[in-house]
Every structure is written in structure tokens, then in C-alpha cells.
Amino acid sequence: MMNMHKHSKNRCMDCIRLLLLIMAIQFYAVVSFADDYALGAGDKINIKVFGEPDLSVETLVGDSGTVSYPFLGIVKVKGKSVQQIEDDITQRLKGNYLVDPEVTVSILSYREFYVNGYVKRPGGYPFQPRMTVRKAISLAGGFEARANKNGLRVVHADKTDSKSRSIEVDDYVKPGDIIIVERSFF
């Protein structure tokens, strides 16, 4: 009886370790995504300066790709990573306003992506890191009966040519993407 209890306890500990490992991998994937992510219009960010509540703001990136920030005025953030914005604001605050500012920038919410075409509920949806086209189509209610499940295209918001490209259901969606589900002819 004692061996059975000990075996169950070991299996439970193994399950807890596995769960913690999965959570750590997911956290790392989200953090590494945010590190490489280039901000754009529609993203909501939080800028904090340690010990300076008057310099801490939550703001939405405007269509011009800028935010308004105390003392500095308009700050261009479009196309920059969180780290680049932290460095920029730190340098601009250093000297004139603060001796050694500790600036942190975090993404509160990403700009929407869009699903159009032959889905049940076309429209804009909140982006989440590591979202696949399959999940995006599920959010849009799934395919309509006449949808061509192999005729999937995307227009990436970060591309200047705005040409649609073929995609697969397991490809990742980016914030601002427009996913187009084409019609089947059969």
C-alpha cells in the first residue's frame, strides 16, 4: 500500500513539473515575440519610469505611429521594438530631466488582425502571440460552406506593397494582417 501511495505522489510531481515546463515555454514564446515585435498604429503600450509616476503613461499608438509623452512631446514608436523605445526615451530623459532614468515599456494589447471572405463572422479580432491562421478562422466562426479551405491569402500590414500572399492554416498571424478566405468553385 505504501509503494502505491509513493508511486502516485511521484506521478503527481512529474505532472506538476511538466505543467511548469509548458508554462515556461509559453511565457518565453510570448516574451521573445514582444522583444522582436515592431510596434504600429493600434497597439496599446505602457511606459513607466521607476520612481516617477508623472512620467508613467498608458497610451495608444496613433495612425501616425507616434505617442504623446510628458516633457518629450511626440515620440515616434512605429517600427520600433519595446527595447528601442525604452532606449530612446531613456536617452531623451537623461540629463535634462533625470540623472539615471529606468524606463520600461510593455505592450498592453496588440492591434487587431482581420479575417475577410468566406467565414461566418468576418471582421477584426484581438491579436495574441503565436496565433495561427486556423485559430483566427475559428475566431471568425469558421469557414462558410462555399469557402475554399486551400485558398487562403494574407496581406501583411508591415509590407509596403500590400500584395496578398498564399498562406496555410498552420502559418502564424501577425498584428494588422488581413486574412482572406476565397470562394470555392465546386
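Just above, that's the structure.
Novice: I'm lost on helix 2 (residues 82-93) in this one. Help?
Specialist: Helical geometry note: an α-helix holds 3.6 residues per turn, so side chains three or four residues apart project in the same direction. Compared with the 16 Å implied by 1.5 Å per residue over 12 residues, the 16 Å span of helix 2 between its first and last C-alpha is a close match. For helix 2, the full list of buried residues reads V82, I85, E86, I89, T90 and L93. Burial along helix 2 is one-sided: seen end-on, the buried residues are contained in an arc of 130°. The positive-phi residue at the C-terminal boundary of helix 2 is G95, with phi of around 95°.

Novice: Looking at this model, I keep getting lost on the pattern of salt bridges. Mind explaining?
Specialist: Side-chain pairing between opposite charges can occur once the charged atoms of the two side chains come close. Inspection of every chain in the model, using the stated rule, returns six salt bridges. Salt-bridge contacts for K80 lead to D88; the nearest nitrogen and oxygen are separated by 3.6 Å. Shared partners join several salt bridges into a network, and the residues in it are K80, D88 and R92.

Novice: What should I look at first to understand the environment of G123 in this one?
Specialist: If you trace the backbone, G123 turns up in strand 7 (residues 123-125). The spatial distance from the C-alpha of G123 to the C-alpha of L139 is 9.8 Å, given a sequence separation of 16 residues. Leave out the neighbours within four places in its chain, and G123 touches F113, Y114, V115 and N116.

Novice: Help me understand the pairing of strand 10 (residues 178-183), please; the structure alone is not making it clear to me.
Specialist: Every regular strand shows the same layout, with side chains that alternate between the two sheet faces. Bridge count between strand 6 (residues 113-117) and strand 10: four bridges; the pairing is parallel. Paired with V115 across the two strands is I179, which belongs to strand 10. Alignment of strand 8 (residues 147-155) against strand 10, held across five bridges, turns out to be antiparallel. Within strand 10, the position partnered with R153 by the bridge is I180.

Novice: Explanation requested: unusual backbone geometry in the structure shown.
Specialist: The phi dihedral of F71 falls on the positive side, at around 70°, and the residue is not glycine. Even without a glycine there, the phi angle at R130 is positive, about 70°. Relative to the helices and strands, R130 is located in the loop between strand 7 and helix 3 (133-139). Relative accessible area serves as the criterion here: at 43%, R130 is assigned to the partly exposed category.

Rules and cut-offs
- Residues numbered from 1 in each chain as written.
- Predicted model: local features only at pLDDT ≥ 70, side-chain atom pairs only at ≥ 80, totals over all residues.
- Heavy atoms only, no water.
- Helix = DSSP H or I, 4+ residues; strand = E, 2+ residues; numbered from the N terminus.
- Expected span 1.5 Å × (residues − 1).
- Buried < 20%, exposed > 50% of the residue type's maximum accessible area, 1.4 Å probe, protein only.
- Arc of directions from axis to C-beta.
- Salt bridge = Lys/Arg side-chain N within 4 Å of Asp/Glu carboxyl O.
- Contact = heavy atoms within 4.5 Å.
- Pairing = 2+ DSSP bridges.

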